[in-house]
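Tertiary structure, described
Letter by letter, the chains look like this.
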Amino acid sequence: MNIVVCKQNLYGGTDKLLERMIQWLRVYGYHVDVYSTEACLKNKIYDLAIIPSSQFGDLWEMKKSGIEVHHVLVWIMGMGAFRDSYYNPNAEKGIFRYLIRFLKYKASQALRLLYSHRSIVFTDIVGVYNSFLAEPIDYESSLEELLLPIAIEVPEEQSALEKKNNSILRIMWVGRVSKDFKEIPLKKVIKDLEHLQVEGKSKIEFTIVGSGDAINSVKEYAEGYSLNIRFVEEVEYNQLGEFIRKNTDLLIAMGTSALDGAKVSCPTVIVTPVREFDRQSVYYRWIYESKGYSLGEFPGLDTATHQVQKDIETIIDEYYNEDNQGKYSRDYAMLFEINHVFTKLVQRSLPEPINAEMWKQIHFFYRMKKVKALIKRFLKKG
């Protein structure tokens, strides 16, 4: 099978994941090219293009260059990634509301078409739900085929961490300390752990591994508590697994940072993201209780995707009264293991062929991105 992959050419998780996929496919004997406008791929034929939604228009660029693509698989890597590639929902006001409504309609058209062609997959159930929220599509029957999670390297199996007999419970946060949706949950973790300690349930040492634009705010907040907190700005990624195993009994995180603990058999807890305007509570769950590969979802979607919600007292009680959280956490991480994910990808039968209706949608997206780029350039000059 000849495959072409379109990358964003931006620093971030999307291109990292695509690069991981490219290398895996090549190792297992697939011919894979990476498309760019500078690449000399003219007059080639590909069985399949794998592409993030933001690059959907690249298929038209290829067609203009004489590149023939028979099938396409659009991989959505984020809660609102498909929608955001068409329009900004916050811009639906004033004279722009008519434009946004039109773009909503075009996005809806494209989504239904990609779904009917089996040409779309998502990294988690929240992305599926958020994309199909306004669509009268019964996706439940094809949910397993729609999900292709983030792929990670998982080390050789390690024994579960032994629970310490001493009176100190070592808890760790790993991940960015940013203002977007992590500051509020991290401060809530500090408050909850302080409450546990005051209640006499555990003497706790809390280590925060990470940095970001909210780190000073979190440090200032922590000064108001008696909880023993240690800040570690950075740990080399290739040493992070061993650092977690040596320095913690229980990991609390969100997103792929949670997998860094789970994959080394550390009992791992998901804390839900919350933004300043959400005005809703922060919840916890064991990583292995997550449904549909979700590693944290914004308020409102937790109910819609039927995720477990627990308080910290329940989590700590379960930690002390059950013995297999480390094993269960690693078993869950194995669902994201690189061979497992990409084997699922190549065993998936090809999507329906690209037809004339699909090319219309691709051409519209191509023209739309060109217009957006011109407007942005004009506004920048102005």
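Everything in this summary refers to the structure shown in the same document. (Residues numbered from 1 in each chain as written. Predicted model: local features only at pLDDT ≥ 70, side-chain atom pairs only at ≥ 80, totals over all residues. Heavy atoms only, no water.)

**Observations regarding the sheet that holds strand 2 (residues 31-35)**
The 5 strands are arranged 2-1-3-4-5 in an open sheet whose pairing can be described as parallel. Of all the strands in the sheet, just strand 2 and strand 5 (120-122) have a single pairing partner and so form its edges. Neighbour-to-neighbour, the strand axes of this sheet turn through a mean angle of 25 degrees, independent of strand direction. Across 3 bridges, the pairing between strand 1 (residues 2-6) and strand 3 (residues 45-52) is parallel. When the bridges of strand 3 are listed, Val5 appears paired with Ile50. (Pairing = 2+ DSSP bridges. Helix = DSSP H or I, 4+ residues; strand = E, 2+ residues; numbered from the N terminus. Axes fitted to C-alpha atoms, helices over the stretch in contact; angles between N-to-C directions.)

**Structural notes on the packing of aromatic side chains**
On inspection of all chains with the given rule, the structure shows 17 aromatic pairs. Taking the centre distance of 5.6 Å and the plane angle of 85 degrees together, the rings of Tyr293 and Phe336 count as edge-to-face. Placement of the pair is Tyr293 in the loop between strand 11 (284-286) and helix 11 (301-304) and Phe336 in the loop between helix 13 (325-333) and helix 14 (338-347), with a sequence separation of 43 residues. For the pair formed by Tyr293 and Phe336, the shared burial category is buried. Here the aromatic cluster, defined as three or more aromatic residues joined through ring pairs, consists of Phe56, Phe82, Tyr86 and Phe365. The ring of Trp359 has Lys63 lying over it, and the distance from NZ or CZ to the ring centre is 4.4 Å. (Phe/Tyr/Trp six-rings, centres within 6.5 Å; stacked < 30°, edge-to-face > 60°. Buried < 20%, exposed > 50% of the residue type's maximum accessible area, 1.4 Å probe, protein only. Lys NZ or Arg CZ within 6 Å of the ring centre and 35° of its normal.)

**With respect to a nonpolar patch on the surface**
A cluster of nonpolar side chains, contributed by Ile95, Phe96, Leu99, Phe102 and Tyr105, occupies part of the molecular surface with about 560 Å² of accessible area. The residue Leu99 is located in helix 4 (residues 96-116) in this model. (Patch = residues over 30% accessible without salt bridge, like charges linked within 9 Å, V, L, I, M, F, W, Y side chains within 5 Å. Areas by Shrake-Rupley, 256 points an atom, 1.4 Å probe, with all protein chains shown as cover. Salt bridge = Lys/Arg side-chain N within 4 Å of Asp/Glu carboxyl O.)

**Notes on the packing of helix 7 (residues 183-198) against helix 12 (residues 312-321)**
It is the contact of helix 7 with helix 12, at a shortest axis distance of 10 Å, that shows an interaxial angle of 60 degrees. Considering the angle they form, helix 7 stands oblique to helix 12. In this structure, the crossing between helix 7 and helix 12 has a hand that is right-handed. Between helix 7 and helix 12, the residues in contact are Asp192, Leu193, His195 and Leu196 and Ile312, Glu313 and Ile316, respectively. Of the residues belonging to the contact of helix 7 with helix 12, the class tally is 4 nonpolar, 1 polar and 2 charged. (Parallel < 35°, antiparallel > 145°, perpendicular 65-115°, else oblique. Left-handed = near helix turned anticlockwise from the far one by under 90°. Contact = heavy atoms within 4.5 Å. Nonpolar A, V, L, I, M, F, W, Y, C, P; charged D, E, K, R; others polar.)

**Quick word on the nonpolar core**
In terms of nonpolar packing, the biggest core is built from 70 residues, with Phe56, Leu59, Phe82 and Tyr86 touching the most fellow members. The residues touching Leu59, leaving out its near neighbours within four places in the chain, are Ala49, Ile51, Val69, Val72, Trp359 and Ile362. With 31 residues, the next largest nonpolar core counts Leu169, Val218, Ile312 and Ile315 among its residues. (Core = buried A, V, L, I, M, F, W, Y, C linked by side-chain atoms within 4.5 Å.)

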